[in-house]
Amino acid sequence: MQVRQLGERVINQIAAGEVIERPASVIKELVENAVDAGAGQIEIVTAAGGKTLMRVSDDGAGMRARDLTLAIRRHCTSKISDDDLFDIRTLGFRGEALPSIGSVARLAIQTRHADEDHAWAIAVEGGRETPLAPAARTKGTQVEVRDLFFATPARLKFLKSDRAEAAAITEIVKRIALAYPDIGFSLSGADRQPHSWPAARGSEPQLSRIAQILGQDFVDNAMEIDAEREGVRLTGFAGLPTHHRGNAQHQFFFVNGRPVKDKLLISGLRGAYADVLARDRHPVVVLFIDLDPAQVDVNVHPAKADVRFRDGQLVRGLLVGAIRHALVQAGHRSSTSNAAVALDALRGDTGGYRPSPNGGFPSSSVHAPGAARGGGSAYASAETARWDPNAFRPLEENGTVTAGFAEAASAGIDRQTGLADIAVPSADARAGEAPAETETTRLPLGAARAQVHETYIISQTEDGVVIVDQHAAHERLVYERLKEALAKKDVARQMLLIPEIVELTEEDALRLNDRAADLAEVGLVIEAFGPGAVAVRETPAILGDMDIQGMVRNLADELAEWETADGLRAKLDHVAATMACHGSVRAGRRMRPQEMDALLRDMEATPKSGQCNHGRPTWVELKLSDIERLFGRK
């Protein structure tokens, strides 16, 4: 078969296959060009999910006539200086986007540079150029793309529905808008609801833009990240562990202003939240990494979605360390959305207090104590019902009544109505034997006032009520102490009488041997055993009998995919978490007031105590103003 040179049109269509995957790819390239042009406002219009129309307009620098004719030809760019591919400071740099788009769609460009007397226009349809012509435009550039893939109709079959393609475009624009808060973005069209993100002003423009796109709820539940190591700086915001999502769509990473989806960064994020989040939940983050362009290669992916760091472990270590430090600083902090969920549940379908038609109490799905058992009135008559001082006295394990509680509970009360036939409830108010000290209620988690269902502690703060899950809270406290003890001393190891030989591929064995020192720190001692095997001599004693073959192979797979070997540390943490779960205060145990207050104080002083080892919240706060609204007081 004869070798021949492909034509320019076919070359451009092949390039388009790499660069232009779907309408969102076109929008990404065009919006990035507008950002590079110094635009202050970018307007995007689409139709049919971008299949029939995509128009991007900006007020940037524009192009001269000569530059416009070159811009639609391959490998023509103004963004690389001195032909140095390792000093890229713009989003675009290859000069492939416009010719690739023009080879598979109908492309029309209007642009005006400040030095020109008028605008210029040019068009490309299926790779065929039209002559340059004068046009009317005040400033900047407008690029219009119609009938995507009309020149390669087979590719239309691989596009998704209009709704799905429109959603992908929205996601792309959001990611770029997050990176450039000083630029205004608008997104509209017949296929969508219009979106507008004005240029953020003020002292914290980045936070304002994040609130515009992710909502104020994330801002209220985010930890600020600001760390630097060896010339690499990490900034942004990471959500509290109790503020999570069911997928990873709300994780935004930017490297030198470029939106990326890099597996090294995803791995680091997973490691940072490893013991504070359930495995099927995902944190919400907006993180920016800034470093010398020479330290990162952005030319490793056709769509520039992936990057390669010169020192990937430095970047990963900075990410993990910064987020873990922020989690420690957050202490007992928990998501504010938990309180909103609780209030919505309390409101039910009533939306809060509603007066009944007769002016009395509103109807409720919560039954009175007497009615709960069925039969008879819920309320006894005032003449026959007398306060029973033993009605609310908590029972000890043997059924006897705690001395002294009746007097405290009935202090100042001589007579009550409607309580004669109430059984012993599941609430213990022993914490109320003495009024809460003012100094204690000023503390973040307040003063313990009661125990409900022998599971939840009710505490009073200056402006609200805190509900604490006693088992989840104590489990986190015990877990953190166990981890601290493990960190302070070397992990105990047990020597194998006969070394375990694990057969691997040569590449896997080399990767494990390169990390032998790191593995020894967590109790796994290995050494090379020929070109494709390792010998395991010692294992962590805390793991007891373990599947050594499976463990080593899992570590090898993890190193191959993520370039980390955190699996063994995760197993150690899992053992510590299991010990904490079984060694903590169980639900169903009655606690003394002093124990409850001590638990609250420990939570305030312990990092990550806002959530248990499984990622569930350990406490919820209801503000007094919200409670008053529930009862119609506000």
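The model shown is predicted, which means the values in this text are computed figures rather than measured ones. For every chain, the first residue of its written sequence is number 1, and the numbers climb from 1 along that sequence. In keeping with the model being predicted, local features are shown solely for residues with a pLDDT of at least 70 and side-chain atom pairs are shown and tallied solely at 80 or more, while totals for entire chains, interfaces and linings include all residues. The side-chain quantities take in all heavy atoms of the structure and omit both hydrogens and water.

### Structural notes on the overall build of the protein
Link 1 in the chain: Counting its regular elements, the protein contains 20 helices and 26 strands.
Link 2 in the chain: The buried share of the protein, reckoned over its 634 residues, is 46%.
Link 3 in the chain: Pairs at least 24 residues apart make up 70% of the contacts formed inside the protein by residues separated by at least 6 positions.
Link 4 in the chain: Residue-level accessible areas treat just the shown protein chains as cover; the underlying method is Shrake-Rupley with a 1.4 Å probe. Put simply, the protein shows about 32200 Å² of open surface, and 51% of that area lies on carbon and sulfur atoms. Here a strand is any run of E in DSSP of at least two residues, a helix any run of H or I of at least four, and the numbering for each starts at the N terminus. We call a residue buried when its accessible area falls under 20% of the maximum for its residue type, exposed when it is over 50%, and partly exposed in between, using a 1.4 Å probe and counting protein chains only. We call two residues contacting when some pair of their heavy atoms lies within 4.5 Å.

### Considering unusual backbone geometry
Link 1 in the chain: Here Asp147, not a glycine, exhibits a phi torsion of approximately 50°, which is positive.
Link 2 in the chain: Along the chain, the position of Asp147 falls in the loop between strand 7 (140-146) and helix 5 (162-179).

### With respect to the sheet that holds strand 25 (residues 533-540)
Link 1 in the chain: One open sheet holds the three strands; their spatial order is 23-25-24, and the pairing between them is antiparallel. Either end of the sheet is taken by a strand with one partner, and the two such strands are strand 23 (493-503) and strand 24 (525-528). Averaged over all pairs of adjacent strands, the angle between their axes in this sheet comes to 20°, without regard to strand direction.
Link 2 in the chain: With four bridges connecting them, strand 24 and strand 25 associate as antiparallel partners. Across the sheet, residue Glu527 finds its bridge partner in strand 25, namely Ala535. Strand pairing follows a simple DSSP-based rule, namely that at least 2 bridges must link the two strands. Working convention: axes come from line fits to C-alpha atoms, limited for helices to the stretch in contact. Angles between N-to-C directions cover 0 to 180 degrees.

### Looking at the pairing of strand 4 (residues 119-125)
Link 1 in the chain: When you tally the buried positions in strand 4, you get six out of seven residues, the bulk of the element.
Link 2 in the chain: Of the strand pairs in this sheet, strand 3 (residues 106-112) and strand 4 are connected by six bridges, and their pairing is antiparallel. Directly across from Gln110, in strand 4, lies its bridge partner Ala121.
Link 3 in the chain: What sits between the antiparallel neighbours strand 3 and strand 4 is a turn of six residues.
Link 4 in the chain: Sheet topology note: the strand 4/strand 6 (residues 133-135) ladder contains three bridges and is antiparallel. The residue bridging Ala121 from the neighbouring strand is Ala133, located in strand 6.
Link 5 in the chain: Between strand 4 and strand 5 (residues 128-129), which pair antiparallel one after the other, the connecting turn spans two residues, and Gly126 there sits at a positive phi close to 60°.

### Things to note about the pattern of salt bridges
Link 1 in the chain: Definition used for salt bridges: Asp or Glu carboxyl oxygen within 4 Å of a side-chain nitrogen of Lys or Arg. Tallying each qualifying case throughout the model produces 29 salt bridges.
Link 2 in the chain: Where Glu165 meets Arg22, a salt bridge forms, and the shortest distance between an N and an O atom there is 3.0 Å. In this pair, Glu165 is assigned in helix 5 and Arg22 in the loop between helix 1 (8-19) and helix 2 (23-36), connecting sequence segments 143 residues apart.
Link 3 in the chain: Judged by its relative accessible area of 1%, Glu165 is buried.

### Some remarks on the sheet that holds strand 14 (residues 258-260)
Link 1 in the chain: Strand order in the open sheet formed by five strands is 10-11-16-13-14, with mixed pairing between adjacent strands. Since the sheet does not close on itself, it has two edges, and those belong to strand 10 (222-229) and strand 14, each with one partner. On average, adjacent strands in this sheet sit at an angle of 20° to one another, irrespective of strand direction.
Link 2 in the chain: Pairing geometry for strand 11 (residues 232-239) and strand 16 (residues 285-290), over six bridges, is antiparallel. Within strand 16, the residue paired with Thr235 across the bridge is Phe288.
Link 3 in the chain: Contacts between helix 9 (residues 312-330) and the sheet are confined to strand 10, strand 11 and strand 16, with strand 10 contributing the most and set at about 140° to the helix.

### Some details on the pairing of strand 3
Link 1 in the chain: The two faces of strand 3 differ: Leu107, Ile109 and Thr111 on one face are buried, but Arg106, Ala108, Gln110 and Arg112 on the other face are not.
Link 2 in the chain: Alignment of strand 3 against strand 7, held across seven bridges, turns out to be antiparallel. Directly across from Arg112, in strand 7, lies its bridge partner Gly140.

### Section: the packing of aromatic side chains
Link 1 in the chain: Note on ring pairs: Phe, Tyr and Trp rings are taken, using the six-membered ring of Trp, and paired if centres are within 6.5 Å. Classes follow the plane angle, with under 30 degrees stacked, over 60 edge-to-face and the rest tilted. Within the structure shown, the criterion is met by one aromatic pair.
Link 2 in the chain: Each ring, one from Phe254 and one from Phe288, has its centre 4.9 Å from the other, and the planes form 15°; the classification is stacked. On the criterion of sequence distance, the pair formed by Phe254 in strand 13 (residues 251-255) and Phe288 in strand 16 is long-range, its members being 34 residues apart.
Link 3 in the chain: Two conditions define a charge located above a ring, namely a distance within 6 Å from the ring centre to NZ of Lys or CZ of Arg, and an angle within 35 degrees of the ring normal. Between Arg106 and the ring centre of Phe150, over which it is positioned, the NZ or CZ distance is 3.9 Å.

### As for helix 4 (residues 97-104)
Link 1 in the chain: Of all eight residues that make up helix 4, eight are buried, and the element is covered over most of its length.
Link 2 in the chain: Restricting attention to buried positions, one finds in helix 4 the residues Ala97, Leu98, Pro99, Ser100, Ile101, Gly102, Ser103 and Val104.

### Considering helix 6 (residues 205-214)
Link 1 in the chain: Inspection of helix 6 places Leu207, Arg209, Ile210, Ala211, Ile213 and Leu214 among the buried residues, and these make up the whole buried set.
Link 2 in the chain: Phi turns positive one or two residues past the end of helix 6, at Gly215, with a value near 95°.

### Structural notes on the environment of Met63
Link 1 in the chain: Secondary-structure assignment places Met63 in the loop between strand 2 (53-58) and helix 3 (65-71).
Link 2 in the chain: Taking C-alpha positions, Met63 is 7.7 Å from Thr141, a pair spaced 78 residues apart along the chain.
Link 3 in the chain: Apart from the residues within four sequence positions on either side, Met63 is in contact with Leu68, Ala71, Ile109, Thr111, Arg112, His113 and Thr141.

### Quick word on the packing of helix 2 against helix 5
Link 1 in the chain: Two elements in contact, helix 2 and helix 5, have axes whose closest approach is 9 Å; the angle formed by their N-to-C orientations is 25°. The angle between helix 2 and helix 5 falls in the class roughly parallel. Of the two possible hands of crossing, helix 2 and helix 5 adopt the one that is right-handed. Taking contact as the criterion, the partners of Pro23, Ala24, Ile27, Lys28, Val31, Glu32 and Val35 in helix 2 are, on helix 5, Glu165, Ala168, Ile169, Ile172, Val173 and Ile176.
Link 2 in the chain: Three categories are distinguished: nonpolar for Ala, Val, Leu, Ile, Met, Phe, Trp, Tyr, Cys and Pro, charged for Asp, Glu, Lys and Arg, and polar for the others, with Gly belonging to the last. Here the residues of the contact of helix 2 with helix 5 sort into 10 nonpolar, no polar and three charged. Angular relationships are summarised with four words: roughly parallel below 35 degrees, roughly antiparallel beyond 145, roughly perpendicular across 65 to 115, and oblique for the angles in between. Two helices cross in a left-handed way if the nearer one is turned anticlockwise from the farther one by less than a right angle. They cross in a right-handed way if the turn is clockwise.

### Considerations on the nonpolar core
Link 1 in the chain: Val31, Ile42, Ile44, Ile109, Val145 and Phe185 are the most contacted members of the largest nonpolar core, which totals 60 residues.
Link 2 in the chain: Of all hydrophobic cores here, the second largest spans 37 residues; its members include Ala238, Leu240, Ile289 and Val320. Among the buried residues, those of types Ala, Val, Leu, Ile, Met, Phe, Trp, Tyr and Cys that are joined through side-chain atoms within 4.5 Å form a nonpolar core.

### A look at the packing of helix 8 (residues 263-272) against helix 9
Link 1 in the chain: Direction vectors running N to C along helix 8 and helix 9 enclose 30°, while the axes themselves pass 9 Å from each other. Considering their axes alone, helix 8 and helix 9 lie roughly parallel with respect to each other. The two elements helix 8 and helix 9 cross, and the hand of that crossing is right-handed. Across the interface between the two elements, Leu264, Leu265, Ser267, Gly268, Leu269, Gly271 and Ala272 from helix 8 touch Gly312, Gln313, Val315, Arg316, Leu319, Val320, Ile323, Arg324 and Leu327 from helix 9.
Link 2 in the chain: Of the residues belonging to the contact of helix 8 with helix 9, the class tally is nine nonpolar, five polar and two charged.

### Let's talk about the environment of Thr46
Link 1 in the chain: Along the chain, the position of Thr46 falls in strand 1 (residues 41-47).
Link 2 in the chain: According to the relative accessible area criterion, Thr46 is buried, its value standing at 1%.
Link 3 in the chain: Residues Thr46 and Val56 lie 10 residues apart in sequence; the distance between their C-alpha atoms is 8.9 Å.
Link 4 in the chain: If we ignore the near neighbours within four places in the chain, the residues touching Thr46 are Ile27, Leu53, Met54, Ile169, Ser188, Gly189, Ala190, Asp191 and Arg192.
Link 5 in the chain: Within the local environment of Thr46, its side chain forms a polar contact with the side chain of Asp191, the two groups lying 3.0 Å apart. Within 3.5 Å is the distance limit for a polar contact, defined as a pair of N or O atoms, with the added protein rule that one can donate a hydrogen and the other accept it, and that residues adjacent in sequence qualify only through two side-chain atoms.

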